Amino acid sequence: WRSFFGFVTIIFWVFLLQGIIQGQIIDTFAAMRNASEAAREDLEQKCFVSSIDRFVFNNYPGEWEKRRGGKYAWNYLLFFINLLDKDPEEYNGLENAVAESYKHNRIDFLPIEMFYARQREQLTSSSAEAKAEMTHMSARVESMEESLAELRQQSNRIMAMLRWKSAISTMASAARTAEASREH
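Quantities reported herein were computed from a predicted structural model and do not represent experimental measurements.

Caption draft 1: View of the overall build of the chain. The secondary structure content of the chain amounts to 6 helices and 0 strands. Start at the N end of the chain and walk to the C end: the helices and strands fall as α-α-α-α-α-α. Here the contacts in the chain between residues at least 6 apart in sequence split such that 45% fall between residues at least 24 apart. Accessible area for the chain stands at about 14,500 Å²; split by element, carbon and sulfur atoms hold 59% of it.

Structure below.
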């Protein structure tokens, strides 16, 4: 009987369980690969921030190139880093509104299904008030871009200062070590 049960167990394992387990493993990896490909394709076909299809951007030359592959999202990350580093008392109106929305777990400050060129187009087709608003928005965007460039420069200066400070402290500790060894 022992040989019979061993034989039945091997046949049960080889024909049933091993196939089922391998099928589950293969299906799991296929699902993971499909999810990864879907995410990559979504990133190549839609704007990461606004979720607008890339073909909408065909009417706006240069807009898709700014957004392809989520490149535009880095600007939002830098803006949030700026908000975290800045004293809340120094916030301007836009920064304050974004900080309040973020504090209350809202994302209404993100341009979902909207982007600047489309807003500009919609505004140019409306009244003179809208045109003035567009000019004001353009100035704000330019101001934000300048602030972002200044923030990058400041972070580069800070990093350079930290490197210098580290080098100076290393040299000072080496000098103290040398002086201490001379005294002994």
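Caption draft 2: Representation of the packing of helix α3 (residues 73-85) against helix α4 (residues 93-103). For the pair α3 and α4, interaxial distance at closest approach is 11 Å and the crossing angle is 90 degrees. Relative to α4, α3 is oriented roughly perpendicular. Facing α3, whose interface residues are F79, F80, N82 and L83, α4 presents E95, V98, A99 and Y102. Tallied by class, the residues present in the contact of α3 with α4 amount to 6 nonpolar, 1 polar and 1 charged.

Caption draft 3: Region of interest: the environment of N82. With respect to the helices, strands and loops of the structure, N82 is situated in helix α3. In this structure N82 touches E95 and L151, once residues within four positions along its chain are discounted.

Caption draft 4: Molecular detail of a negative patch on the surface. Residues E142, E145, E146 and E150 make up a contiguous surface patch of negative charge. You can see E150 is positioned in helix α6 (residues 128-183).

Caption draft 5: View of α4. Taken together, the buried positions of α4 are occupied by E95, V98, A99 and S101. Burial along α4 is one-sided: seen end-on, the buried residues are contained in an arc of 165 degrees. Exposed residues on α4 whose side chains face more than 90 degrees from its buried face are G93 and K103. On its buried face, α4 sits against α3. Between the side-chain oxygen of the N-cap and the backbone nitrogen of L94 there are 3.2 Å, and the N-cap of α4 in question is N92. Of the residues flanking the end of α4, it is N105, one or two places downstream, whose phi is positive at about 55 degrees.

Thresholds, definitions, all that
Residues numbered from 1 in each chain as written. Predicted model: local features only at pLDDT ≥ 70, side-chain atom pairs only at ≥ 80, totals over all residues. Heavy atoms only, no water. Helix = DSSP H or I, 4+ residues; strand = E, 2+ residues; numbered from the N terminus. Contact = heavy atoms within 4.5 Å. Areas by Shrake-Rupley, 256 points an atom, 1.4 Å probe, with all protein chains shown as cover. Axes fitted to C-alpha atoms, helices over the stretch in contact; angles between N-to-C directions. Parallel < 35°, antiparallel > 145°, perpendicular 65-115°, else oblique. Nonpolar A, V, L, I, M, F, W, Y, C, P; charged D, E, K, R; others polar. Patch = residues over 30% accessible without salt bridge, like charges linked within 9 Å, V, L, I, M, F, W, Y side chains within 5 Å. Salt bridge = Lys/Arg side-chain N within 4 Å of Asp/Glu carboxyl O. Lys, Arg positive; Asp, Glu negative; His and termini not counted. Charge placed at Lys NZ, Arg CZ, Asp CG, Glu CD. Buried < 20%, exposed > 50% of the residue type's maximum accessible area, 1.4 Å probe, protein only. Arc of directions from axis to C-beta. Polar contact = N/O pair within 3.5 Å; in protein donor to acceptor, adjacent residues only side chain to side chain.

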